Amino acid sequence: MKLFQQLLVAPAALGLVAPLAANAVEVNINDVANYANPEEQLVETTAQFSDVVPGDWAYTALQNLSESYGCVDNAYSQSLKSGQALTRFEAAALVNACLDGGLMASGHGLTSEASRLTNEFGSEMAILKGRVDGLEYKLNEYNAGQFSSTTLMSGDAVFSLGAVDGSTAGEKLHSVYAYGLNLTTSYTGKDSLDARIIAGNSGTEPLASLDSAESTTNQALTIDELSYTFPVGDFTVTAGPVMKQDGVISATLSTYSDAFYISNQPYSTGGTETGAGVGATYYFANDWNASLSFVGADSSDADNGIGTREGDDVITASLGYDGDTWGGGLLVSEGDKNGSDADYDSWGYGVYWSPEGNYPTFSFGFDTKDNEGTADEEAWTIAVDYAGFGPGTLSAAYQSVDDETNQLAKYEVYYNWEIADGIAIQPGLFTNEVANADDEIGVAVETFFKF
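The following refers to the structure shown. (Residues numbered from 1 in each chain as written. Predicted model: local features only at pLDDT ≥ 70, side-chain atom pairs only at ≥ 80, totals over all residues. Heavy atoms only, no water.)

**A closer look at helix 7 (residues 112-120)**
Now for step 1: When we look at burial in helix 7, the residues that qualify are Ala114, Leu117 and Thr118. Summarising the axial view, the buried residues of helix 7 lie within an arc of 100 degrees, below the 170-degree limit, and thus occupy one face. When the buried face of helix 7 is taken as reference, the exposed residues oriented beyond 90 degrees from it are Ser112 and Asn119. (Buried < 20%, exposed > 50% of the residue type's maximum accessible area, 1.4 Å probe, protein only. Helix = DSSP H or I, 4+ residues; strand = E, 2+ residues; numbered from the N terminus. Arc of directions from axis to C-beta.)

**Considering unusual backbone geometry**
Most peptide bonds adopt trans geometry, and most residues besides glycine take a negative phi value.
Now for step 1: Despite not being glycine, Gln219 has its phi angle at roughly 60 degrees, a positive value.
Now for step 2: Its location among the elements puts Gln219 in the loop between strand 3 (192-200) and strand 4 (222-232).
Now for step 3: We classify Gln219 as partly exposed; its relative accessible area is 44%.
Now for step 4: Positive phi outside glycine occurs at Asp258, with the angle close to 50 degrees.
Now for step 5: For Asp258, a relative accessible area of 24% puts it in the partly exposed group.

**Here we look at a nonpolar patch on the surface**
Now for step 1: Among the surface-exposed residues, Phe284, Trp288, Leu319, Leu330, Val332, Trp347 and Tyr349 lie close enough to one another that they form a single nonpolar patch of about 630 Å² accessible area.
Now for step 2: Mapped onto the nonpolar patch, the elements with two or more residues apiece are strand 9 (326-337) and strand 10 (344-353).
Now for step 3: Within the fold, Leu319 resides in strand 8 (residues 312-322). (Patch = residues over 30% accessible without salt bridge, like charges linked within 9 Å, V, L, I, M, F, W, Y side chains within 5 Å. Areas by Shrake-Rupley, 256 points an atom, 1.4 Å probe, with all protein chains shown as cover. Salt bridge = Lys/Arg side-chain N within 4 Å of Asp/Glu carboxyl O.)

**Here's the deal with the pattern of salt bridges**
Now for step 1: Applying the stated criterion to the full structure yields 4 salt bridges.
Now for step 2: Here Glu120 and Arg88 are joined by a salt bridge, their closest N and O atoms 3.1 Å apart. Of the two residues, Glu120 sits in helix 7 while Arg88 sits in helix 6 (residues 88-106), which places them 32 residues apart along the sequence.
Now for step 3: A salt bridge links Lys244 to Asp224; the nearest nitrogen and oxygen atoms lie 3.1 Å apart.

Dropping the structure here:
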């Protein structure tokens, strides 16, 4: 059977299986006859009798059988009630449905009339059963090459177009893209194997600081995250060969959309460290939560090892509270950078307020990083989202960054508008005000696709 014919047979087969079981539905006999095996069907049916019409003994017997034994109400039983003719294959399907749904289900034997009908349409019933068995085999063979029924896939793509005035990298118009696939598989209903695959062409251009930017070698597909989450008592444990520093953080420090340029917690949740890791979260009954994780950064390269001088390691802990309209959290992280003098300690906190109703939501965060051998850094951020501004969401943020030598101020404002299901347009403006240097002003228009 050709692939095209198989695909046409599949819908008919799904409707055909049920009449041969306990619950019968309408069967498109013509589809089966025309597409399943046209050459064979021609040979088998040319010698058959004409359609079953009112006045035939078989037609009256089918009416009696349908009314007496509670056959499934379908198009064929409706045709009998309205006096319409049936093909012999339709009559055979109805006899089989009546036997399974009426006589056999009740435990009664065949009446003389039912026995005569099975003899009359026995050939057609055998042909239909053989066709269904063959179709079921082919459907099972086809499904064997598909994803597991417990595997879900989603994805996203971002097209970004923009430029930055005053950039040391050049005042050019840049086109940047990012693409990602998310695969999630559950084996017990309480666990989750998660993988994210990405590709992107971001490099050193000014738009590389956008939240959506992705950079992969030669723009090839890359495993960005790969981990397995499962319950252990009251704890939720996540472990895997490719985890991010911010992959296991239970605390919510901000409800800001954080989807353009400014990062609310640039140090303690920077997520720049990636590698093999393990983490656990715990949710208390009184709206509190806690988490602890370890990531052996660069250990995804098997040559480096975990917890050695060749790799970067980071430990991150969080404590959070999430109420009905407000909450916040505290983060602490410690990084060991290749056993060098680049080790650091970082801590930060954040609070948010999300009033009920059509009102803006507010977030405030503070983050600091004590670097060994280099200047310390700290940043504080205030941000707001307003979903009631027209058809989309208006977002704005201000961030002050101090590295003991330069004071840097960042601003951003952007508008996210979902123009269709799964498609959103996001124009935005951001600035960097740097001491003793020209300010940078960037504009970008991004298009988000989700599927």
